Amino acid sequence: MTAASAELAALVPRSRATTAFGQTTAHVDVEHWLAAARHARDELGCAAFDWLGVEDAGRPGASGLRHAVFLHVVEPGTRLGLLLRTEVGDEPLPSVAGLWAGAAWHEREAAEMFGIALAEPAPHLLLPDAFAGHPLRKDFVLASRVVRPWPGRLEPGEDGTSAPSRRRTAPPGVPDPSWGPRREGGNGA
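Everything quoted here is computed from the prediction, not taken from an experiment.

What counts, and at which threshold
- Residues numbered from 1 in each chain as written.
- Predicted model: local features only at pLDDT ≥ 70, side-chain atom pairs only at ≥ 80, totals over all residues.
- Heavy atoms only, no water.
- Core = buried A, V, L, I, M, F, W, Y, C linked by side-chain atoms within 4.5 Å.
- Buried < 20%, exposed > 50% of the residue type's maximum accessible area, 1.4 Å probe, protein only.
- Helix = DSSP H or I, 4+ residues; strand = E, 2+ residues; numbered from the N terminus.
- Expected span 1.5 Å × (residues − 1).
- Contact = heavy atoms within 4.5 Å.
- pLDDT = per-residue confidence, 0-100.
- Salt bridge = Lys/Arg side-chain N within 4 Å of Asp/Glu carboxyl O.

Caption draft 1: Seen up close, the nonpolar core. In this structure, V12, W33, L71, L82, L84, L93 and V96 are the most contacted members of the largest nonpolar core, which totals 34 residues. Elements represented by at least two residues in this core include exactly α1 (3-10), β2 (23-28), α2 (33-42), β3 (48-56), β4 (67-75), β5 (80-88) and α3 (103-114).

As structure tokens, this is what we get:
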């Protein structure tokens, strides 16, 4: 981030700008979220949508209760980015998809994976309708794969078609030991 991006963040009404690790963020309350986004697009010229993401708000002992929502948009002429942040709990997140159509997919992902309530609920995007829980929340127990089937592809040995093996598999991209030319002598040393 440049100093100009920090100046851009300071121009967002009803926000407080903070800078950490060279990144300036404009913090807004959830009731001012849509107005701040509209101001960024219409007044500051941030017409290019980059991404919208969610993370746990990070308070010890309050995992899963509040989530931080981030919106990154760019002013195409100067390529300056603006990062907006708000926090939500049980209250719905006002949609910015009316301002940037590409945000709709990101909002639906946030609703499914984190349990963020949206002002306009949408059908499921990634998980089946019968799936219970929100897999990207810190309070989601991954051990539940034992109790509830995971909707994605099973790991080798979990699908029951082959016997589990103790043989270590090589990381992706590492060729099989039998691949390629080898030195004379049998053991490759």
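Next comes the rest of the account.
Caption draft 2: View of α3. Across its 12 residues, α3 extends 16 Å between first and last C-alpha, which sits within 8% of the 16 Å expected from 1.5 Å per residue. Buried residues of α3: A103, H106, E107, A110, E112, M113 and F114, and no others. Residues of α3 that are buried in the fold lie against β3 and β4. Of the residues flanking the end of α3, it is G115, one or two places downstream, whose phi is positive at about 80 degrees.

Caption draft 3: Representation of the confidence of the model for the protein chain. Overall, the predicted model of the protein chain reaches an average pLDDT of 80, with 71% of residues at or above 70. Mean pLDDT values over the elements of the protein chain span from 74, in α1, up to 94, in α2.

Caption draft 4: Broad picture of the pattern of salt bridges. Taken as a whole, this structure holds 4 salt bridges when the rule is applied. With a closest N to O distance of 3.3 Å, E87 and R66 form a salt bridge. A residue pair is termed long-range when its members are at least 10 positions apart, and E87 in strand β5 and R66 in the loop between β3 and β4 qualify at 21 residues. A relative accessible area of 15% places E87 in the buried class. By relative accessible area, which is 32% here, R66 ends up partly exposed. Residue E87 pairs with R85 through a salt bridge whose shortest N-O separation is 3.3 Å. The pair E87 / R85 is uniform in exposure class, with both members buried.

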